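These are the residues of each chain, in order.
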Amino acid sequence: MKVVFQGNDIADVSEIQSVLVITAAKRIEVHLKRKTGETEEKVCDLPIHPPFFRKKWAEEVAKDLEKFSEAPNTPIEQVIASTAWARGYLQVELDVNSDTSDRGLARLCWYRSLSSTRTGEELVRRTGLSADEIEKVASRDSYKQHVEDLMFKARDADKFNKWVRSYGRNIPAKLGKIMRLSEDTTAELINSVAEKHGIDLSELKDSLTPRRKNMIPNSDLDPERTIGSGKSSVYLYYYPQYRESAESKGEQVWACKIGKTIHNEADGRIRSQATGLPERPMIGLHIKTDRPKKIEDIIHDILKIRGKHIEEAPGREWFLTSPSEVEEIYNFIGESSHDRASSPLS
């Protein structure tokens, strides 16, 4: 693990003797001890340029650097959660196949304003990943989930509402560029967070609704079965090879992803998630609804209780199940029977 000081001046964190935040000068002063035959002390200034200087997080950076100097073998999971790393003073070596890389890249890209985007060269240097590996990480569902989580936690409902409206139709393009995501995917995430906050963005729908480019009519992304009614969707999709492998073994369940979209365009959502994969997914079940989050949550919870959640899968929405099992759960939930006292959705 390295600390990055001005330009190419790099030092091991174990060399840190002390760290001081100089508020008046808007900088962090790091005192190092280096051995060059004799112990040599060196002072490095880490400037924090306006308007980004915040005394609180500058002090957090200082504490992080001191802590890491005392424990230079700190797990990367803890490093990427630090203010010091997010703000640019540490670089690590991430594993492209680890969920840590998804969370780390999302956090690194997020800690920028909408007026600034990290260059590919900077991301390579800060993460230890190649440009191709960075693109691979950014294409995964788990990365997109981390971006959504960051977006949701960064602002309460009121601040999020003001933030989105201040950028309006430009925000999917601007945020997507920063987060290494397509404009369509970013729009989906923004709408999902708005839904979690209970915010109505209907008047911005035209600018925040993903544009359905290159959609293939009557393709294999047409749902095998559609039930329910409403403007939004809960969907189940899977890859044919998963089903074929299970059925060849006499099994009735296989890896399926269960997600939601508030645009009733499940195929567009799935298509954006499956970009670059060698096999087209199949939409096994398409549930139309006006309460996608609640239905999705209940279906997820019931499948988890049944021990069907695939813990090691990227993201949080993969289960060992089937379209028929999920339809059975949906019918049990009873959305279509609001007058039933036993309905969990009543």
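Everything in this summary refers to the structure shown in the same document. No experiment lies behind these values; they were computed from the predicted model shown.

The rules behind these values
Residues numbered from 1 in each chain as written. Predicted model: local features only at pLDDT ≥ 70, side-chain atom pairs only at ≥ 80, totals over all residues. Heavy atoms only, no water. Phe/Tyr/Trp six-rings, centres within 6.5 Å; stacked < 30°, edge-to-face > 60°. Helix = DSSP H or I, 4+ residues; strand = E, 2+ residues; numbered from the N terminus. Buried < 20%, exposed > 50% of the residue type's maximum accessible area, 1.4 Å probe, protein only. Salt bridge = Lys/Arg side-chain N within 4 Å of Asp/Glu carboxyl O. Core = buried A, V, L, I, M, F, W, Y, C linked by side-chain atoms within 4.5 Å. Contact = heavy atoms within 4.5 Å.

1. Overview of the packing of aromatic side chains
Phase 1: In total, this model carries 9 aromatic pairs according to the counting rule given.
Phase 2: An angle of 65 degrees between the planes, with centres 6.2 Å apart, marks the rings of Trp 110 and Trp 163 as edge-to-face. Here Trp 163 lies in helix H8 (residues 157-167) and Trp 110 lies in helix H4 (residues 99-110), a separation of 53 residues in the sequence.
Phase 3: What makes Trp 110 buried here is its relative accessible area of 13%.

2. Remarks on the pattern of salt bridges
Phase 1: Using the criterion set out here, one finds 15 salt bridges in the structure.
Phase 2: Measuring nitrogen to oxygen at the nearest pair gives 2.6 Å for the salt bridge that ties Glu 77 to Arg 103. Of this pair, Glu 77 sits in helix H2 (residues 76-79) while Arg 103 sits in helix H4, and the two are 26 residues apart along the sequence.
Phase 3: With its nearest N and O atoms 2.9 Å apart, the salt bridge here joins Lys 196 to Glu 148. With a gap of 48 residues between them, Lys 196 in helix H10 (residues 183-197) and Glu 148 in helix H7 (residues 141-154) connect regions that are remote in the sequence.
Phase 4: Looking at Lys 196, the relative accessible area reads 28%, which means it is partly exposed.
Phase 5: A cluster of three or more residues bridged by salt bridges with shared partners is formed by Arg 306, Lys 308, Glu 325 and Glu 328.

3. Digging into the environment of Arg 27
Phase 1: By secondary structure assignment, the location of Arg 27 is in strand S4 (residues 27-36).
Phase 2: Each C-alpha atom, one on Arg 27 and one on Ala 58, is 8.0 Å from the other, the two residues being 31 residues apart in sequence.

4. Side note on the nonpolar core
Phase 1: Judged by nonpolar contacts, the single largest core of 54 residues is most densely connected at Leu 65, Leu 90, Tyr 143, Met 151, Phe 160 and Met 179.
Phase 2: Of the residues forming this core, the biggest block, 6 residues, is contributed by helix H1 (residues 55-70).
Phase 3: Ignoring sequence-local partners within four residues, the contact set of Leu 65 consists of Val 3, Ile 16, Val 19, Val 30, Leu 46, Ala 84 and Leu 90.
Phase 4: Grouped together as the second largest cluster of nonpolar side chains are 21 residues, Tyr 238, Trp 254, Ile 287 and Ile 299 included.

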